[in-house]
Amino acid sequence: MNNKIKQYGYIGHGFVPDVQDEDYELGSEQLPKIVLVDDGNWTPYLPKGEKQKRREWDTFGCTVYNTLQCVEILEKRKFGIDVDYSERFTYIKSKTWPPGNSPNKVAQSIRDFGLIPETMLLFDDSIMSLDQYADVNSITAEMEENGKQWKQKNNFQYEWVWKTEIPLQEKKERMKEELRRSPLGVSVCAWKERDGIYYKDEYDTDNHWSDGIMVGYEGKYPLFYDSYPPFLKRLDPDYDFSFSMRYHIERQISPPAPIYPIAAPPIPVKVSFWDK
């Protein structure tokens, strides 16, 4: 029986499902199983909310925005630092464009090209159109070098929480367990709301990627963090997510510093952003 998750064509808000056979899945033992937040409550580590839509146009970059938020949350929990990475850099390097992108391609782009600070490539009021936002010429050699420096410093990994369709109860159990190790990226149908609760009908198609920051529960409702305001949303207790992904990051072990003869010191090099 072939129970592979259906690949829907409708996108809407930037999520394109694209599960590959070679992608890691929970149970493959490829990612470390380190418990970071025993109760799954990641709210103390939330970054400031950032909108993927401004003015009258949308970037369709939910997979970029919410994947980077997961990285920022993990770094705050593991390393005690507040970071704000440039979504535009990853948007361009992952070749995201309407109608959107897949979360695994965005995550792989981070592994391939690293991340740079938001201050190096801003999304501010000077950006008047999507073409300007996604202009590949916006990326400089200095940005490329800083992304490389981040990649050398960090080992970033990702895996699907499930790759084939499984029962709702099993999804809940897997997500509850994996939330102890990582904030989870999840696909949702954006957005249907009734009495302050976001829900999904049986035949709705997921079209948006959100980082699921479950705070345990508010009563019986799971809480999720998003790139559309209100950023923190209460979802139906039986919300059936089609896809979910977890992440892991650790510092790379630096090689020993070379020993130079006294008469031949190393040539000074420009200090990167990450060494400041």
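Read on for a plain summary of the structure. (Residues numbered from 1 in each chain as written. Predicted model: local features only at pLDDT ≥ 70, side-chain atom pairs only at ≥ 80, totals over all residues. Heavy atoms only, no water.)

### Quick word on the overall build of the chain
Operational definition: Numbering of helices and strands runs from the N terminus; a helix is a DSSP stretch of H or I covering at least four residues, while a strand is a stretch of E covering at least two. Only protein chains enter the accessibility calculation, which uses a 1.4 Å probe; a residue is then buried when its area is under 20% of its type maximum, exposed when over 50%, and partly exposed in between. Any two residues whose heavy atoms approach within 4.5 Å at even a single point are treated as in contact. All accessibility values rest on the Shrake-Rupley procedure with a 1.4 Å probe; residue burial counts only the protein chains present in the view.
Check the secondary structure of the chain and you find six helices and 12 strands. Residue burial in the chain is summarised as follows: out of 276 residues, 49% are buried. Pairs at least 24 residues apart make up 77% of the contacts formed inside the chain by residues separated by at least 6 positions. Element-wise, carbon and sulfur atoms account for 52% of the exposed surface of the chain, whose accessible area totals about 13800 Å².

### Some remarks on helix 1 (residues 62-79)
Put simply, the test is: Take the residue count of a helix, subtract one, and multiply by 1.5 Å to get its expected span.
The terminal C-alpha atoms of helix 1, which comprises 18 residues, lie 25 Å apart, in line with the 26 Å expected from a rise of 1.5 Å per residue. A large share of helix 1 lies buried, amounting to 14 of its 18 residues. Of the residues one or two after helix 1, G80 is the one with positive phi, at around 70 degrees.

### Here's the deal with the pairing of strand 12 (residues 244-251)
Formally: Strand pairing follows a simple DSSP-based rule, namely that at least 2 bridges must link the two strands.
Burial analysis of strand 12 places six of its eight residues in the buried class, the great majority of the element. Two strands pair when backbone bridges link them, and strand 5 (residues 154-160) and strand 12 are joined in this way by seven bridges, in the antiparallel orientation. Its bridge partner being in strand 12, W160 is matched across the sheet by M245. Judged from the two bridges that link them, strand 6 (residues 184-188) and strand 12 form a sheet pairing that is antiparallel. Directly across from V186, in strand 12, lies its bridge partner S244.

### Some words on the packing of helix 3 (residues 103-113) against helix 5 (residues 141-153)
In plain terms, the rule: Every axis corresponds to a line fitted to the C-alpha atoms, with the helix fit spanning only the stretch in contact, and the corresponding angles, defined between N-to-C directions, vary from 0 to 180 degrees. Angles below 35 degrees are treated as roughly parallel, those above 145 as roughly antiparallel, those between 65 and 115 as roughly perpendicular, and all remaining angles as oblique. Amino acids are sorted into nonpolar (Ala, Val, Leu, Ile, Met, Phe, Trp, Tyr, Cys and Pro), charged (Asp, Glu, Lys and Arg) and polar (every other residue, Gly among them).
Across the interface, helix 3 lies against helix 5 with an axial gap of 7 Å and an inter-helix angle of 95 degrees. What the angle tells us is that helix 3 and helix 5 run roughly perpendicular. Together, I110, R111, D112 and F113 of helix 3 and G147, K148, W150 and K151 of helix 5 make up the contact between the two elements. When grouped by side-chain class, the residues that make up the contact of helix 3 with helix 5 number three nonpolar, one polar and four charged.

### A closer look at the nonpolar core
The criterion, for reference: We define the nonpolar core as a collection of buried residues of types Ala, Val, Leu, Ile, Met, Phe, Trp, Tyr and Cys that are connected through side-chain atoms lying within 4.5 Å of one another.
Membership of the largest hydrophobic core comes to 47 residues, with the highest contact counts inside it found for V71, Y133, W150, F156, F241 and Y247. Where this core is concerned, the elements lending two or more residues are helix 1, helix 3, helix 4 (130-133), strand 5, strand 6 and strand 12. At eight residues, the largest contribution of residues to this core is made by helix 1. I92, I116, L121 and M143 belong to the second-largest nonpolar core, a separate cluster that totals six residues.

### Observations concerning the packing of aromatic side chains
Selection criterion: Note on ring pairs: Phe, Tyr and Trp rings are taken, using the six-membered ring of Trp, and paired if centres are within 6.5 Å. Classes follow the plane angle, with under 30 degrees stacked, over 60 edge-to-face and the rest tilted. We count a charge as sitting over a ring when the NZ of a lysine or the CZ of an arginine lies within 6 Å of the ring centre and within 35 degrees of the ring normal.
Using the criterion set out here, one finds 12 aromatic pairs in the structure. For the ring pair W42 and Y45, a centre distance of 6.1 Å and an interplane angle of 65 degrees mean the geometry is edge-to-face. Ring centres of W160 and F243 lie 5.8 Å apart, and the angle between their planes is 55 degrees; on these two criteria the pair is classed as tilted. Pair noted here: W160 is in strand 5 and F243 is in the loop between strand 11 (232-234) and strand 12, with a separation of 83 residues, a long-range link. A cation sits over an aromatic face here: R88 above Y133, 5.6 Å from the ring centre.

### Overview of the environment of S94
What counts, and what does not: Distance and chemistry together define a polar contact, namely a pair of N or O atoms within 3.5 Å, with one atom able to donate a hydrogen and the other to accept it when in protein, and with adjacent residues in sequence counting only for side-chain atoms on both sides.
With respect to the helices and strands, S94 occurs in the loop between helix 2 (87-93) and strand 4 (100-101). Note on S94: relative accessible area 11%, which makes it buried. Each C-alpha atom of the pair S94 and I110 lies 8.2 Å from the other, and the pair is 16 residues apart in sequence. With near-sequence residues (within four places) excluded, S94 lies in contact with V64, N101, K105, V106 and S109. Here T90 takes part through its backbone oxygen, which lies 2.6 Å from a polar atom of the side chain of S94.

### Focus: the pairing of strand 5
Most of strand 5 is tucked away, with seven of its seven residues classed as buried. Here strand 5 shows no split at all, with N154, F156, Y158 and W160 on one side and N155, Q157 and E159 on the other all buried.

### With respect to the packing of helix 1 against helix 3
The cut-off we apply is this: Left-handed describes a crossing whose near helix is turned anticlockwise from the far helix by less than a right angle; the clockwise case is right-handed.
Contact pair helix 1 / helix 3: the axes reach a minimum separation of 9 Å and the direction vectors enclose 55 degrees. Relative to helix 3, helix 1 is oriented oblique. Between helix 1 and helix 3 lies a crossing of right-handed hand. Contacts between helix 1 and helix 3 involve T63, V64, T67, L68 and V71 on the former and, on the latter, P103, V106 and I110.

### As for the pattern of salt bridges
What counts, and what does not: One speaks of a salt bridge when a side-chain nitrogen belonging to Lys or Arg is within 4 Å of a carboxyl oxygen belonging to Asp or Glu.
Per the counting criterion, the structure on display carries 17 salt bridges. For E165, the salt bridge goes to K171, with nearest N and O atoms at 2.8 Å. According to the relative accessible area criterion, E165 is partly exposed, its value standing at 34%. The closest approach of N and O atoms between R246 and E178, which form a salt bridge, is 3.0 Å. Highlighted residues: R246 in strand 12 and E178 in helix 6 (residues 168-178), separated in sequence by 68 residues. Because the salt bridges share partners, they merge into one network encompassing D38, E159, E177, E178, R180, R181 and R246.

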